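These are the residues of each chain, in order.
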Amino acid sequence: MTRLIAIAGKDGSGKSTFAGKLATRLGDAYVCAVATGLREHCISEGYLTRQQAYAKPTSQETRNVLRNISKEAKVKYGTKLIWLNKLLLKMRGFLQVCPVIVHDVRYLHEAETLLSLGAELIYLGGCELSAEECGMPSFADLPALYELAKFKLPEKPDDKYIAMVYNSIIETRLHHE
């Protein structure tokens, strides 16, 4: 069975919602986000309140704080994978007992790391970038992520797409047993 599922796409494309619905369908999946470590760091250091850090939708002000703190941490720790490494440590135990769904893959290095661990990559929405998005680091890798994705689904996909991905995961499980 596919043990690791990664979901990428633009802001507001339905990644978290899709992950939650897929987890419900799977019955026993652990849903997590690369940015959780970053959000928790921002809360503990006083940059954001818990409400700001986890509000849906994420405000532009919160996005700016997250981007700036992430950039600083990557320089300080000398790795682009600082938040993903924290997540990998946390999810290692879960991978032994249930599927893990990572619902906020935004960068090529994150996707490549997860793919190297056997992840299935799902991309929601289109990858065309506006002029403003072209200048933002969190959007720059989306076209490459789109090309790497096994599943290219529309933005805010409905239940038929959840069923399609679920059925593919179950088929993979049957072929490996």
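Check the entry above for the structure.
Residues numbered from 1 in each chain as written. Predicted model: local features only at pLDDT ≥ 70, side-chain atom pairs only at ≥ 80, totals over all residues. Heavy atoms only, no water.

A. Seen up close, the sheet that holds strand S3 (residues 100-105). The strand order S2-S3-S1-S4-S5 describes an open sheet built from five strands, whose pairing is parallel. The open sheet has two edge strands with one neighbour each: strand S2 (30-32) and strand S5 (151-153). With direction set aside, neighbouring strand axes in the sheet form an average angle of 20°. In this structure, S2 lies alongside S3, joined through three bridges in parallel fashion. Paired with Tyr 30 across the two strands is Val 100, which belongs to S3. Where helix H1 (residues 15-26) meets the sheet, it contacts strand S1 (4-9), S2, S3, strand S4 (120-124) and S5, and its direction lies at approximately 175° from that of S3. (Pairing = 2+ DSSP bridges. Helix = DSSP H or I, 4+ residues; strand = E, 2+ residues; numbered from the N terminus. Axes fitted to C-alpha atoms, helices over the stretch in contact; angles between N-to-C directions. Contact = heavy atoms within 4.5 Å.)

B. Main features of the pairing of S4. Of all five residues that make up S4, five are buried, and the element is covered over most of its length. Burial along S4 is two-sided: Glu 120, Ile 122 and Leu 124 and Leu 121 and Tyr 123, pointing in opposite directions, are all buried. Pairing of S1 with S4, which is carried by five bridges, proceeds in the parallel orientation. Each bridged residue has a counterpart across the sheet, and for Gly 9 the counterpart in S4 is Leu 124. Taken together, the three bridges between S4 and S5 define a ladder with parallel strand orientation. Each bridged residue has a counterpart across the sheet, and for Leu 124 the counterpart in S5 is Leu 153. (Buried < 20%, exposed > 50% of the residue type's maximum accessible area, 1.4 Å probe, protein only.)

C. Inspection of the nonpolar core at higher detail. Judged by nonpolar contacts, the single largest core of 35 residues is most densely connected at Met 91, Val 102 and Leu 114. With residues near it in sequence (within four places) discarded, Met 91 still touches Leu 4, Tyr 30, Cys 32, Val 100, Val 102 and Leu 114. Counting residues in each nonpolar core, the second largest holds 15 residues, with Ile 7, Ala 19, Leu 22 and Leu 153 among its members. (Core = buried A, V, L, I, M, F, W, Y, C linked by side-chain atoms within 4.5 Å.)

D. Geometry of the environment of Ala 53. Inspection of the secondary structure puts Ala 53 in helix H3 (residues 50-54). Spatially, the C-alpha atom of Ala 53 lies 27 Å from that of Glu 128, the residues being 75 residues apart in sequence. When residues no more than four places from it in sequence are discounted, the contact partners of Ala 53 are Arg 39, Ile 43, Leu 48 and Thr 62.

E. Highlighting the packing of aromatic side chains. This model, assessed by the stated rule, comprises two aromatic pairs. Taking 3.8 Å as the distance between ring centres and 0° as the angle between the ring planes, the aromatic pair formed by Tyr 30 and Phe 94 counts as stacked. Of this pair, Tyr 30 sits in strand S2 while Phe 94 is found in helix H5 (residues 82-95), placing the two residues 64 residues apart along the sequence. On the numbers, 5.2 Å between centres and 90° between planes, the contact of Tyr 123 with Tyr 146 is edge-to-face. One end of the pair, Tyr 123, is in strand S4; the other, Tyr 146, is in helix H9 (residues 142-148), and 23 residues separate them in sequence. For Tyr 123, a relative accessible area of 0% gives the class buried. Just above the ring of Tyr 107 sits the side chain of Lys 74; from NZ or CZ to the centre is 4.5 Å. Note that Lys 152 overlies the ring of Tyr 146, its terminal NZ or CZ placed 5.3 Å from the centroid. (Phe/Tyr/Trp six-rings, centres within 6.5 Å; stacked < 30°, edge-to-face > 60°. Lys NZ or Arg CZ within 6 Å of the ring centre and 35° of its normal.)

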